[in-house]
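# Tertiary structure, described
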Amino acid sequence: MDGLNKSMFQIGSDTAFAVLSRSNELSQLGNEVINLGIGQPDFNTPQNIVEAGIKALKDGHHGYSASNGILELRESVCEYYSNQGINVDPGQVLITPGAKAIIFYTLLMFGQPDAEIIVPNPGFIAYKSMVDYTGAKIISLPHQMQNNFSFDAEELLSLITPKTRLIIFNSPGNPTGGVVRENEFKKLVKGLENYPNLYILSDEIYERIIFNNQKHISLLSYPEIKDQVILLNGWSKTYSMTGWRLGYGIYPKKIFSFAEKLAINCHSCVSNVSQYAGIEALRGSQLFVTNMVKEFEDRKNFLVEELNKIKNIECIDPGGAFYVFPKITKKGLSSKQISNDLLEKKFLATVPGSSFGTLGEGFIRLSYANKMHNLEKSILLIKDYLNEN
Ligand SMILES: Cc1ncc(COP(=O)(O)O)c(C=O)c1O
């Protein structure tokens, strides 16, 4: 291993993909595995979107396109925001092969050994991996069950030091489904007035998957901090397009060119097929999204109710995304052991809470992007497992 950059030993991986690969192995051995591990909607991409991708190919869009994304797609992103009263210029939008690339590029822009980056704990695994890779220091922002997996603005403001370079937010959140309350955002925005040079990466990829008649509040809707917010969003979750690899970042104008240079040097541009499909997704009928969210809400209600009936499990009702994050105890076993047992003994794939940060210990993540009959079976499997000695 001599010769490798020492940062390579810092970068982590994504447990959900490791669980997926083990689930596939177990399935190939003939076991009936229920996968509540991976976070992707279990619906086909709507047909009108698929057709738009096929048409792009038939129309001859076979070459490279602009590195920041085709203009019509960036304009459709801006329209989406202007319909919510948020003004975005197409020159601020960077289209990427999946929204994860925005996390990668943004952390390359801000992470360095003497920097501090505030990261949700528990939080999406890629944040921590990438901060570690850059050598920056992770400052954990607790998102705890007793706080509905939201954060406390005063606590967050107290974590800021002269070394803080970036704050990462994710609402609705992965792995908890937690939604940050408007009041907390307001307090935060007020507090951030004292830090005009501090940037915030707001990961809003689950913004449309939100329940209980709540309304998502984008951090970009606060004019006071709009020149500090990098917004991450995409098509993967909203339109069930995880495999199309299409996402975007909206960067403040003054730093856009840096993100674009990283994109040019890395992915060059995104497949035209996905980009034309993305335009149709944003401009076409949104009925699919409404129906999908309704279906997710029914499944979430079912799981929360059933999980809470099980002794040794406590599960709060999450406000969004498609995960529940129950606290689960079994004779001193770690969440990793519990999750591993569920997969190896019951063929039920979940992700251990500890893989999302230290405060995830004691919890497991269940993705309910799976059919209701499988969720029903999962409840029985979890009960069986917890009843065994
Ligand atoms: C919180 C969060 N952000 C970003 C992403 C990346 O999404 P994409 O598939 O568009 O790269 C995911 C995907 O799981 C996610 O959960």
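What counts, and where the lines are drawn
- Residues numbered from 1 in each chain as written.
- Predicted model: local features only at pLDDT ≥ 70, side-chain atom pairs only at ≥ 80, totals over all residues.
- Heavy atoms only, no water.
- Pairing = 2+ DSSP bridges.
- Helix = DSSP H or I, 4+ residues; strand = E, 2+ residues; numbered from the N terminus.
- Phe/Tyr/Trp six-rings, centres within 6.5 Å; stacked < 30°, edge-to-face > 60°.
- Buried < 20%, exposed > 50% of the residue type's maximum accessible area, 1.4 Å probe, protein only.
- Domains from an automatic or database assignment.
- Contact = heavy atoms within 4.5 Å.
- Buried area = accessible area lost by both parts, 1.4 Å probe.
- Salt bridge = Lys/Arg side-chain N within 4 Å of Asp/Glu carboxyl O.
- Polar contact = N/O pair within 3.5 Å; in protein donor to acceptor, adjacent residues only side chain to side chain.
- Nonpolar A, V, L, I, M, F, W, Y, C, P; charged D, E, K, R; others polar.

Strand order in this open sheet of three strands is E10-E14-E13, and the pairing throughout is antiparallel. The open sheet has two edge strands with one neighbour each: strand E10 (323-324) and strand E13 (351-352). Here E10 pairs with strand E14 (residues 364-367) via two bridges, running antiparallel. When the bridges of E14 are listed, tyrosine 323 appears paired with serine 367.

With that out of the way, let us pick up the packing of aromatic side chains. Within this structure, the stated rule accounts for 22 aromatic pairs. Seen in terms of ring centroids, phenylalanine 325 and phenylalanine 356 are 6.3 Å apart; in terms of plane orientation they differ by 75 degrees. Their pairing is edge-to-face. Of this pair, phenylalanine 325 sits in the loop between E10 and strand E11 (327-328) while phenylalanine 356 sits in the loop between E13 and E14, and the two are 31 residues apart along the sequence. On the basis of relative accessible area, phenylalanine 325 is assigned to the buried category, the value being 2%. Aromatic ring contacts, followed pair by pair, group Phe43, Tyr206, Phe288, Phe296, Phe322, Tyr323 and Tyr368 into a single cluster.

Under the domain assignment, the protein is made up of domain 1 (6-44 + 287-383) and domain 2 (48-283). Taken residue by residue, the interface counts 42 residues in domain 1 and 35 residues in domain 2. Sorting the residues of domain 1 by area buried against domain 2 places Ile316, Phe356 and Leu359 first, and these three jointly supply 19% of that buried surface. In this structure, the connection of domain 1 to domain 2 is made through zero salt bridges. In this assembly, domain 1 and domain 2 are joined by 16 residue pairs in polar contact (both at pLDDT 80 or more). Mapped by element, the contributors of at least two residues to the side of domain 1 that touches domain 2 are helix H1 (15-28), helix H10 (287-309) and E10. Among the elements that make up the side of domain 1 that touches domain 2, the one with the highest residue count is H10 (seven residues). For the side of domain 1 that touches domain 2, the residue count by class is 21 nonpolar, 14 polar and seven charged.

Another point: unusual backbone geometry. Residue proline 122 is bonded to the preceding asparagine 121 through a cis peptide linkage, with omega at 0 degrees. Tracing the backbone through its elements, the reader meets proline 122 in the loop between strand E3 (116-121) and helix H5 (125-134). Across the junction of serine 171 and proline 172, the peptide omega takes the value -10 degrees, indicating a cis bond. With respect to the secondary-structure elements, proline 172 resides in the loop between strand E5 (164-170) and helix H7 (182-192). Positioned with a positive phi, alanine 321 is a non-glycine residue whose angle comes to about 60 degrees. If you trace the backbone, alanine 321 turns up in the loop between strand E9 (313-314) and E10. Residue classification places alanine 321 among the buried residues on the basis of a relative accessible area of 0%.

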